[in-house]
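Chains, contacts and geometry: an overview
The residues making up each chain are set out below.
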Amino acid sequence: MTINHVMVIGAGQMGAGIAQVFAQAGLNVKMNDMSQDALDQGLLGIEKRLGRAVEKGRMTEGERKAITELLSTTTDLKDAADCDLVVEAVVESMDVKVSVFQQLDEIAPSHAILATNTSSLPITEIAAATQRPEQVIGMHFMNPVPVMKLVEIIRAIQTSDETYQAIEDMTKKLEKTPVEVEDFPGFVSNRILMPMINEAVYTVHEGVASPEDVDAVMKLGMNHPMGPLTLADFIGLDTCLYIMEVLHEGFGDSKYRPCPLLRKYVKAGWLGKKSGRGFYTYD
Ligand code: CAA
Ligand code: NAD
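What comes next is a walk through the structure. Note that the structure is a prediction, hence the values are computed from the model and not measured.

Here the second largest pocket is characterised by a volume of approximately 270 Å³. Surrounding the second largest pocket, 15 residues form its lining, Leu121, Pro122, Glu245, Val246 and Glu249 being those nearest its centre. When residues in the lining of the second largest pocket are grouped by element, the largest group, five residues, is from helix H10 (residues 237-251). Residue composition of the lining of the second largest pocket, by class: seven nonpolar, three polar and five charged. Two domains share the lining of the second largest pocket, each providing at least three of its residues, namely domain 1 (5-182) and domain 2 (189-274).

Another point: the pattern of salt bridges. Tallied over the full model, the rule gives eleven salt bridges. Arg64 is the partner of Glu61 in a salt bridge, and the nearest nitrogen-oxygen pair spans 2.8 Å. Of the two residues, Glu61 and Arg64 are both situated in helix H3 (residues 61-69); the distance of three residues between them amounts to about one turn of the helix. With its nearest N and O atoms 2.5 Å apart, the salt bridge here joins Glu88 to Lys97. Judged by its relative accessible area of 0%, Glu88 falls in the buried class. Three or more residues joined by partner-sharing salt bridges are found here, namely Glu88, Glu92 and Lys97.

Bringing the sheet that holds strand S3 (residues 71-74) into the picture now. The strand order S3-S2-S1-S4-S5-S6-S7-S8 describes an open sheet built from eight strands, whose pairing is mixed. Bordering the open sheet on either side are S3 and strand S8 (177-182), each of which pairs with just one other strand. Averaged over all neighbouring strand pairs, the angle between strand axes comes to 25°, with direction disregarded. In terms of strand pairing, strand S1 (residues 5-9) meets strand S2 (residues 28-32) through five bridges, oriented parallel. When the sheet's bridge partners are listed, Val8 is paired in S2 with Met31. Contacts from helix H6 (residues 161-173) reach strand S4 (85-88), strand S5 (113-116), strand S6 (136-141), strand S7 (150-155) and S8, with the element oriented near 175° to S7.

This part covers the site of ligand 1. Surrounding ligand 1, one finds 18 residues, the nearest of these being Arg58, Ser119, His140, Asn143 and Asn190. Between an oxygen atom of ligand 1 and a side-chain N or O atom of Lys56, the distance comes to 3.1 Å. Within the side chain of His140, one N or O atom sits 2.7 Å away from an oxygen atom of ligand 1. Calculation on ligand 1 without its partners gives an accessible area of 1000 Å², and the protein chains cover 64% of this total. The set of elements that each furnish at least two residues to the shell around ligand 1 consists of helix H2 (36-55), helix H7 (189-205) and helix H9 (228-235). The element best represented in the shell around ligand 1 is H9, accounting for three residues. Of the residues contributing to the shell around ligand 1, the split by class is ten nonpolar, four polar and four charged.

Between its first and last C-alpha, helix H8 (residues 211-222) extends 16 Å over twelve residues, near the 16 Å set by a 1.5 Å rise per residue. Every buried residue belonging to H8 is among Pro211, Val214, Asp215 and Met218, and all of these are buried. Across the axial projection of H8, the buried residues extend over an arc of 95°, all falling on one side. The exposed residues of H8 that point more than 90 degrees off its buried face are Leu220 and Gly221. In the core, the buried residues of H8 are packed alongside H7 and H9.

Thresholds, definitions, all that
- Residues numbered from 1 in each chain as written.
- Chains lettered and ligands numbered in written order.
- Predicted model: local features only at pLDDT ≥ 70, side-chain atom pairs only at ≥ 80, totals over all residues.
- Heavy atoms only, no water.
- 1 Å grid on protein atoms, 1.4 Å probe; cavity = no way out; pocket = protein on both sides within 12 Å on 5 of 7 lines; lining within 4 Å.
- Points joined across faces, edges and corners; volume = space filled by probe spheres on them.
- Helix = DSSP H or I, 4+ residues; strand = E, 2+ residues; numbered from the N terminus.
- Nonpolar A, V, L, I, M, F, W, Y, C, P; charged D, E, K, R; others polar.
- Domains from an automatic or database assignment.
- Salt bridge = Lys/Arg side-chain N within 4 Å of Asp/Glu carboxyl O.
- Buried < 20%, exposed > 50% of the residue type's maximum accessible area, 1.4 Å probe, protein only.
- Pairing = 2+ DSSP bridges.
- Axes fitted to C-alpha atoms, helices over the stretch in contact; angles between N-to-C directions.
- Contact = heavy atoms within 4.5 Å.
- Near = heavy atom within 4 Å.
- Polar contact = N/O pair within 3.5 Å; in protein donor to acceptor, adjacent residues only side chain to side chain.
- Areas by Shrake-Rupley, 256 points an atom, 1.4 Å probe, with all protein chains shown as cover.
- Expected span 1.5 Å × (residues − 1).
- Arc of directions from axis to C-beta.

Structure representation (structure tokens):
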């Protein structure tokens, strides 16, 4: 199938990055959010990143202009009516995602593929909420999207081979590397990453070491580009907690219990970099 028109729903840190990479690949992209402020911030972030690419000589001014012209914003989901592909990147909540997919199912053309960037939620359950489950799929980008090469492609039990192939082809067109994964809690990425982050929070909670020292051990000792607590702040502590809850409930195994300190930070509104405070503070 041919994909020319794309809508990205949610203009947060993931949605704005996803919209950017689609536009860089020459596709028309509408960025949707229920918040005009989020759309403005998302667009500003894209403009800054493209500006830096021009400054560094990785992109010409003409290319930057052409990419910007492919991007538009809207708060109206009905604008998905002419899209071939919709990628949802709203908050990590099954209720919110099901509501978005049910509306999209009514609005998007019958041929359109509906993809979700969920970090951990069952694609099979999201697909079952629509009348086109064979055209629903997980397209899991990594943060920061413009930099990270991986896209996990997650098949719901209902996903057709045609849908899978179209998303694999699109991932390559975005100059990313697709990895096919079955639909189980946390897929591969977060099943492995998030328990490490949760254990790092327990290490602080139990007074074994400070956040700075936990991060120093993993950065300098294991050559990770960021320590696990810096990474947790970067991802968003709310997103980390949602993912741990999905793993805990999905596998029914106490080894995935979220650390009480993680819950406490989220309850305090200390969500990491995006809220100005998490394990560290940000301007
Ligand atoms: N958005 C876009 N681009 C960014 C960025 C951001 N938030 N942060 C950094 N970059 C770009 C910079 O612009 C820079 O590119 P240029 O040199 O061309 O300008 C490049 O990345 C390198 O940046 P820096 O030199 O400032 O910093 P760095 O070398 O430390 O790299 C990093 C930054 C790429 C983020 C690196 O620290 C890293 O790889 N961290 C780990 C990221 C990671 O693990 N991501 C996965 C998170 S889990 C996930 O996404 C799944 C989930 O469901 C939760
Ligand atoms: P975020 O909080 O930065 O952004 C979410 C955006 O969605 C906000 O701008 C919000 O206004 C908007 N939104 C919420 N409900 C909406 C609705 N009904 N309609 C339209 N817009 C709506 O979150 P994020 O970190 O970008 O995460 C988004 C999704 O991507 C989540 O499912 C998350 O699990 C997943 N994800 C996150 C990361 C990460 O590192 N943060 C990595 C991969 C995947």
